[in-house]
Amino acid sequence: QTQLFGVLLAAASNFLISVSLNIQKCAHLRLVCQAEQKPYYRSKLWCCGITLLGLGEVGNFTAYGLAPITLVAPLGCVSVIGSAFISVFFLKKTMRTADILGGTLTITGIFLLVTFTPNVPQELTARQVQNYLVSWPFLVYSILEILIFCILLYFYKRKAVKHIVVLLMMVALLASLTVIAVKAVSSMIALSVKGKMQLTYSVFYIMSVLMATSCAFQIKFLNQAMHLYEATAVVPINFVFFTTSAIISGVIFYREFQSAALLSVFMFLFGCLLSFLGVIIIAKKKKEDHLQVPFIDCGHIPGQKLTGKIQPDSHCSCYGTLNKEDDLVKRQS
């Protein structure tokens, strides 16, 4: 029952995040249309959206303490498909066939994930976290991850390689540490609330620092990717990389598939594949709406009299003419 509650909480939290993002986008669009511009943080609509975002993130944090990482992380696709469908109501966008197909595949994948995720104990004590930290599978995994991250960071800093895969690979490597720390901190807080005090152990504060640090650098590289590339490319690739790294970290650190049957593992991975495919289809070729301007407004030109609209013709390079006292412009045009 605890795991089921964690699943429902994760799904509801991600749906809440998708609602908040659409509300924030709607607030920004309304501010652009207003004659008197004001900061976005003074908008009540934007404040409502950011509040919902905070509630969604708190719900996700709690869900990591109630359900396995291998189940909570893939449920991030709920925010992607939720955003695609909610934008029809908030932003008046058109529902595409790709959205319906992608949503169907993603929902099918979620069903398989929930059905075939192994039921593992979720009461995670500080002593268990300490034992996991010094286990040889995690030590080997940590060394490999640090080596790969250092190589990527070298190419990013020294060689100025800012390819989307390089940036999002670094985000994914940091995210694997983030989800490990988030689950440990959330579980220890939940046990402490129940009366089994875990906050006196030093590992709780070590994990809290790891969570904050890895999350901060993760946001830095993700913002860099969003600045350089289209969201339609960043969102699906980041989701696939993040989910894969989170599942691997959950399997290695928390041993969540240690006693799982081969069929359950296969169906779980198939559910992940369907979710990945659905998110990619939804995000593919989705472009932002731009303000449609009927003609190019060049403003008033001193000393000149406008004779026609400044409207580019698709078949010629002429942008209109201006009256002049001499016939030079007429002969040139």
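The paragraphs below set out a description of the structure included in this document.

How each quantity is defined
Residues numbered from 1 in each chain as written. Predicted model: local features only at pLDDT ≥ 70, side-chain atom pairs only at ≥ 80, totals over all residues. Heavy atoms only, no water. Buried < 20%, exposed > 50% of the residue type's maximum accessible area, 1.4 Å probe, protein only. Helix = DSSP H or I, 4+ residues; strand = E, 2+ residues; numbered from the N terminus. Phe/Tyr/Trp six-rings, centres within 6.5 Å; stacked < 30°, edge-to-face > 60°. Lys NZ or Arg CZ within 6 Å of the ring centre and 35° of its normal. Expected span 1.5 Å × (residues − 1).

**Some details on unusual backbone geometry**
Link 1 in the chain: Even without a glycine there, the phi angle at Ala 160 is positive, about 55°.
Link 2 in the chain: Ala 160 sits in the exposed class, given a relative accessible area of 51%.
Link 3 in the chain: Non-glycine residue Arg 255 carries a positive phi angle of around 55°.
Link 4 in the chain: When you line up the elements, Arg 255 lands in the loop between helix 10 (231-253) and helix 11 (262-283).
Link 5 in the chain: Classification of Arg 255 as partly exposed rests on a relative accessible area of 32%.

**A look at the packing of aromatic side chains**
Two aromatic rings, taken as a pair, are described by how far apart their centres are and by the angle between their planes.
Link 1 in the chain: In total, this model carries 11 aromatic pairs according to the counting rule given.
Link 2 in the chain: Measuring from centroid to centroid gives 5.7 Å for Tyr 154 and Phe 155, while their planes differ by 75°, and the two rings are edge-to-face.
Link 3 in the chain: Under the relative-accessibility criterion, Tyr 154 is labelled partly exposed at 42%.
Link 4 in the chain: With a relative accessible area of 38%, Phe 155 lands in the partly exposed category.
Link 5 in the chain: An aromatic cluster is built from Tyr 132, Phe 138, Tyr 141, Phe 253 and Tyr 254, whose rings are joined through pairwise contacts.
Link 6 in the chain: The ring of Tyr 156 is capped by Lys 162, whose NZ or CZ atom sits 5.0 Å from the centre of that ring.

**Notes on helix 2 (residues 44-66)**
Link 1 in the chain: Spanning 23 residues, helix 2 covers 33 Å between terminal C-alpha atoms, matching the ideal 33 Å at 1.5 Å per step.
Link 2 in the chain: Residues of helix 2 that are buried: Trp 46, Gly 49, Leu 52, Gly 56, Gly 59, Asn 60, Ala 63, Tyr 64, Gly 65 and Leu 66.

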